[in-house]
Amino acid sequence: MASPEDVIEPMAQSATAQNLSRRRFTHDIRNLSPDEIDGLMSSSDGRPFLVVHHLPEIKEEGVPYLIPGVPITCRVDNTEKYTTRSKVHVGTLYTVRLTHGSFHWAVKRKYKHFQELHRDLYKHKMMIHLLPLGRFAKERQQLRAMSEEMPSLHGTERTRRTSSKMKYLEEYLNDLLENVFCRNDHSMLEFLSVGALSFVTDLGPKGLEGPIFKRSGGHRIQGLNCIGHHQFCFRWSRRWLVVKDSFLMYMNRDNGSINFVLLFDPEFKVKVGRAYTDTKYGVCIENFTRSLIIKCSSYRQAHWWSHEINRLAETCDFLKVQRFDGFAPPRENTPTKWYVNGSGYFADLADALEQAREEIFITDWWLSPEVFLKRPATDNYWRLDEILKRKAEQGVKVCVLLYKEVELALGINSEHSKRTLMNMHPNIKVMRHPDHVSSVVFLWAHHEKMVAIDQTIAFVGGIDLAFGRWDDSQYRLTDLGLTKTDNGVTEEEPKGDTVDNGVADGPKPSEPDNQAEQELDDLTGNTKLWLGKDYSNFIRKDWVQLDRPFEDNIDRTQVPRMPWRDLSAAIHGSAARDVARHFIQRWNFTKIFKNKYKDDFYPYLLPKSHCTADSLPFIVPGSTKAKVQVLRSADRWSTGTCENSILNAYIHTIENSEHYIYIENQFFISCADGKTVHNGIGDAIVKRILRAHREQKKYRVFVVVPLLPGFEGDISAGGGNAIQAILHFTYRTMCRGEHSILSRLSEVEDKWTEYITLCGLRTHSQLSQSLVTELIYVHSKTLIADDRCYIIGSANINDRSMLGSRDSEMAVFVEDEERVPSIMGGEEYQAGPLTLALRKECFSVLVGTSSDPSINVDDPISDDFFFLAWNAAAKLNATIYDKVFKCLPYNSVHNMRELKEYSSKERLCDTDPEQAIEELKAVRGLLVHFPLKFLCEENLLPPLNTKEGMAPVGLWT
């Protein structure tokens, strides 16, 4: 085997963008080591899944398709009569039923096929005897174990009687299959319909295989077919077709490469005949993205293939439209775990990546290769790019799908991410999509965030593997380093005078921050949690120069970071396979669509069968079983199919909730008017509140959103057009205009505060001896209902995420299957343990139970909790922050004139820091009421003469 140095070119020392302009690797490392070949040969239960990624090497090395040491037996029965072409002679068709280990399948053969097999084996045997070449040495050795004469197909009386002939053919075939030479011969394998993927355990049953001719074209995606549709535009190619229980594919038998994969979906159909195929003995196989035409050798074979494909597919979950019009059904008894904030999520993800043995799939809106998954980092071991490189060197295939941004509009630099990862090892493949011009997609994005490991564990939610996302429940505003005290408590460093509210003195502005200058070649002794660009406040300054990741983007001695709140989930088993299937669908779709990805360096991916999904070699610690359904927003441009199951699940959950819903989301843009906004989540909230009011039943709606949109801008000067545009549609949803929630609750009058509360999050600290405050950026995309179910994903509450025809998204709908005693509205209640724990974790941090143990979060809809623990605290906190910091946005600022006056007022934190500290001691938790009257006298839509004003309204909604 070639050493790595022989196949991997030396890498340039500099990591600048200029040196990343050319792809370092253009070919896979094709050699299989002797140990790897032994691993493929030794398993008696079936082939390992890694076979899928080494088909050309298996072909070159001559690895037998049948499992060594495992007998293969046949039984010939079920004869059928057919009329030959002469329409005079009636022939016999035999059904040959085969067993090889745990695999069972059947083939149909005529007597002439047995004759052809006999002839081919005899010719091969003679050639080996007559040509004493070295490459035939292995076959000659196998022939010595075979009798001099091959079993004969002629000359016995029994052959004249059909039943006896059937028995004799069975004995003949079994005799041949006992000999290693005969059973591994190419003609025998084709007679048995056996290929390289026949006995891969994770691909499920053996399925249907055989040689076919396939016709080019048939893609249902604009731009992928020949302009003409005449017969002269078609090209026929000989391929080996493989049909499994949830997909079919064809491959080149000569070199072992996979040429196309067609996934079963609700549009899947099999049609036979010239009327559908314009071809004699043709079969048309359709799904949402392609109409594949194959040509069989006879009318009977065409119908046999059609029947067998339908039989294999009939149990496939993906043929039916599932609940919420989704692609995947609910999966019961699925081990799952939720995460609030990125610290636990990143740590568990890092451990799961270490367990990868076959494949790692990642898709993100933004990916930072240099992000650390465990912190504080004292070396590079847990850095994302180092983890992926380590796994790639172990033979794991790493496939990454990134959103290709419009560079003039976004600075996430996906080109840097792609080149950095792909220059590490040829087993790391990165695709970007879409090509904006060719696909005519300029406004929409791939927004989902997902990692799937060996198609067995998946992580889904709102957290990109990117800078600024790691955080914990402390939501620190500063990061000048941490130090361990004698009692084990972690504190900010340098250590200064600390007051009761946890605010500490920082270094004086004149003191140099030596750690900021340290080289990342040596992280020994590092105590910072956010290194370089990871320390961020993107409303103050958006990310720039991402190809220099370890240079600070802002001055951490002067500017507080913006904390990041987000939720994600880990899932296992069949639900994880559903997530992986979605990734595979997107990956294969992108490979087909973009010419630069059509070479063999970017492989087609195959979904594992759900029949082996319960075999879990690794489970994320702390997982609990529940019912899990994978949801998505997908469209023809993004995935090749159409779906908006996330929106349907949101509306269904709101409409059917009995006691409360808790929404935590980066955006809150809803209330359909049929013109500018189309998703009906806000409408469902209104209807549910009105129903509760008319029935005189207690019902609560909690909404937590960021106080400001995540765009760079100075809010004291109005914030800029992008911030104002999002604020306009947020206020349109909440309280302004005839379509808003509060306007449509006029029937409730002033009692709307008994049903719905709208909040943001804020915290404070001390930096460089100055008091500072900052909003906590809520990036979550979560809905919790009735302590029994929740949705966690990447979809914001806006049209972009929810409609399906815009951004691509992914989410999981989790329903507790068990019940634990709890309390709801002062009465005993049976809650779901997983959802109850998630809701309590969220509420405890937001209302500050750690600083006031008397707060009880057990009953989320009780008057004591809703009015006192939640709303009273949110009101008081907003008042204190206004008094101390004059922070924006604020309720009493109604227009730009008042904004200017308010921003110029003296702040208590500057004039009397000691008094300010005393005032801040009364802050409890993180909640502040969302300022519903902020800039209420201004038109926040962007002026038409600006670039934001000229953009389509759909960009903001």
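Everything below is about the structure shown above.
Conventions we followed
- Along each chain, residues carry numbers from 1 onward, in the same order as the chain's sequence is written.
- Restriction of local features to residues with pLDDT of at least 70 applies here, the model being predicted, together with a cutoff of 80 or more for giving and counting side-chain atom pairs; totals for whole chains, interfaces and linings are based on all residues.
- Side-chain numbers come from the whole structure's heavy atoms, not from hydrogens or water.
- Going along the chain from the N terminus, every DSSP run of H or I of four or more residues is numbered as a helix, and every run of E of two or more is numbered as a strand.
- Expected helix span is given by 1.5 Å per residue-to-residue step, counting one fewer step than there are residues.
- For each residue, the accessible area found with a 1.4 Å probe, counting protein chains only, is set against the maximum for its type, and the residue is called buried under 20%, exposed over 50%, and partly exposed in between.
- Here the rule is simple: two strands pair whenever DSSP picks up at least two bridges between them.
- Orientation is described by lines fitted to C-alpha atoms, with helices fitted over the stretch in contact, and by angles between N-to-C directions that extend from 0 to 180 degrees.
- Throughout, a residue-residue contact means that at least one pair of heavy atoms, one from each residue, lies within 4.5 Å.
- Salt bridge, as applied in this entry: a Lys or Arg side-chain nitrogen positioned within 4 Å of an Asp or Glu carboxyl oxygen.
- Take the buried residues of types Ala, Val, Leu, Ile, Met, Phe, Trp, Tyr and Cys, join any two whose side-chain atoms come within 4.5 Å, and each joined set is a nonpolar core.
- Roughly parallel means an angle under 35 degrees; roughly antiparallel means over 145; roughly perpendicular covers 65 to 115; every other angle is labelled oblique.
- In this scheme the crossing of two helices becomes right-handed for a clockwise turn of the near helix relative to the far one and left-handed for an anticlockwise turn of less than a right angle.
- Any residue outside Ala, Val, Leu, Ile, Met, Phe, Trp, Tyr, Cys, Pro, Asp, Glu, Lys and Arg is labelled polar, Gly included; the first ten of those are nonpolar and the last four are charged.
- Within 6.5 Å between ring centres, the rings of Phe, Tyr and Trp (the latter by its six-membered ring) count as paired, and their orientation is classed by plane angle as stacked under 30 degrees, edge-to-face over 60, tilted in between.

### Thoughts on helix α16 (residues 645–656)
Moving on, step 1. Between its terminal C-alpha atoms α16 stretches 16 Å, which fits the 16 Å expected from 12 residues at 1.5 Å a residue.
Moving on, step 2. Taken residue by residue, α16 has Ser-645, Ile-646, Leu-647, Ala-649, Tyr-650, Thr-653 and Ile-654 as its buried positions.

### Notes on the sheet that holds strand β6 (residues 247–251)
Moving on, step 1. Taking strand neighbours across the sheet as the criterion, the seven strands line up as β7-β6-β5-β4-β10-β9-β8 in an open arrangement whose pairing is antiparallel. The two strands at the open ends of the sheet, each matched to only one other strand, are β7 (258–263) and β8 (269–272). Strand-to-strand twist of the sheet, defined as the mean angle between neighbouring strand axes without regard to direction, takes the value 35°.
Moving on, step 2. As paired strands, strand β9 (residues 282–286) and strand β10 (residues 291–295) are joined by five bridges and run antiparallel to one another. Note on β10: the bridge partner recorded for Val-283 is Ile-294.
Moving on, step 3. Packed onto the sheet, helix α10 (residues 299–313) meets β4 (208–215), β5 (236–243), β8 and β9 and runs at close to 120° relative to β4.

### What about the pattern of salt bridges?
Oppositely charged side chains are able to pair whenever their charged atoms sit close together.
Moving on, step 1. Across all of its chains, the model carries 46 salt bridges by this definition.
Moving on, step 2. For the salt bridge of Asp-351 with Lys-374, the shortest nitrogen-to-oxygen distance reads 2.7 Å. In this pair, Asp-351 sits in helix α11 (residues 342–354) while Lys-374 sits in the loop between β12 (359–364) and α12 (384–393), placing the two residues 23 residues apart along the sequence.
Moving on, step 3. You can call Asp-351 partly exposed: its relative accessible area is 30%.
Moving on, step 4. Residue Lys-374 is classed as partly exposed on the basis of its relative accessible area of 24%.
Moving on, step 5. Close ionic contact of Asp-479 with Arg-556 constitutes a salt bridge, the shortest N to O distance being 3.4 Å. On the criterion of sequence distance, the pair formed by Asp-479 in the loop between β16 (457–461) and β17 (482–484) and Arg-556 in the loop between β18 (490–492) and β19 (564–565) is long-range, its members being 77 residues apart.
Moving on, step 6. For Asp-479, a relative accessible area of 1% gives the class buried.

### Remarks on the nonpolar core
Moving on, step 1. By size, the foremost hydrophobic cluster in this structure holds 270 residues, and its most contacted members are Leu-173, Phe-459, Tyr-662, Phe-668, Ile-685 and Trp-870.
Moving on, step 2. It is helix α22 (residues 863–885) that provides the largest number of residues to this core, a total of 10 residues.
Moving on, step 3. Residues contacting Leu-173, with those up to four places away along its chain left out, are Cys-74, Val-96, Phe-114, Leu-117, Met-188 and Phe-191.
Moving on, step 4. Listed in part, the nine residues of the second largest apolar core include Ile-669, Ala-725, Ile-726 and Phe-729.

### Quick look at the environment of Tyr-602
Moving on, step 1. Within the secondary structure, Tyr-602 is located in the loop between α15 (573–593) and β21 (624–634).
Moving on, step 2. What makes Tyr-602 buried here is its relative accessible area of 1%.
Moving on, step 3. In sequence terms Tyr-602 and His-27 are 575 residues apart; their C-alpha atoms lie 9.4 Å from each other.

### Points about the side chain of Ser-822
Moving on, step 1. By the element assignment, Ser-822 lies in strand β31 (residues 820–824).
Moving on, step 2. If near-sequence neighbours (up to four positions away) are discounted, Ser-822 is found in contact with Asp-787, Glu-827, Glu-828, Tyr-829, Ala-831, Leu-836 and Asp-858.

### A word on the environment of Asn-588
Moving on, step 1. As for its placement among the helices and strands, Asn-588 is situated in helix α15.
Moving on, step 2. Asn-588 sits in the buried class, given a relative accessible area of 4%.
Moving on, step 3. Along the chain, Asn-588 and Pro-603 lie 15 residues apart, while their C-alpha atoms are 8.4 Å from each other.
Moving on, step 4. Residue contacts for Asn-588: discarding those within four places in its chain leaves Val-261, Pro-603, Tyr-604 and Leu-605.

### Digging into the packing of α11 against α12
Moving on, step 1. At a minimum axis distance of 10 Å, the contact between α11 and α12 shows a crossing angle of 15°. With respect to their mutual orientation, α11 and α12 come out roughly parallel. For the element pair α11 and α12, the recorded crossing hand is left-handed. Every residue of α12 that contacts α11 at Ala-350, Leu-353 and Glu-354 is listed here: Leu-384, Ile-387, Arg-390 and Lys-391.
Moving on, step 2. Along the lines of polarity and charge, the residues of the contact of α11 with α12 split into four nonpolar, no polar and three charged.

### Section: the packing of aromatic side chains
Moving on, step 1. Tallying each qualifying case throughout the model produces 42 aromatic pairs.
Moving on, step 2. Plain terms: the ring middles of Tyr-890 and Tyr-902 are 5.5 Å apart, the flat faces sit at 10° to each other, and that makes the pair stacked. Linking Tyr-890 in the loop between α22 and α23 (896–903) with Tyr-902 in helix α23, this pair joins segments that are 12 residues apart in sequence.
Moving on, step 3. With relative accessibility at 4%, the residue Tyr-902 sits in the buried group.

### Regarding unusual backbone geometry
Moving on, step 1. Across the junction of Arg-375 and Pro-376, the peptide omega takes the value -5°, indicating a cis bond.
Moving on, step 2. With respect to the secondary-structure elements, Pro-376 resides in the loop between β12 and α12.
Moving on, step 3. The peptide bond linking Leu-888 to Pro-889 adopts the cis configuration, its omega dihedral lying at 0°.
Moving on, step 4. Along the chain, the position of Pro-889 falls in the loop between α22 and α23.

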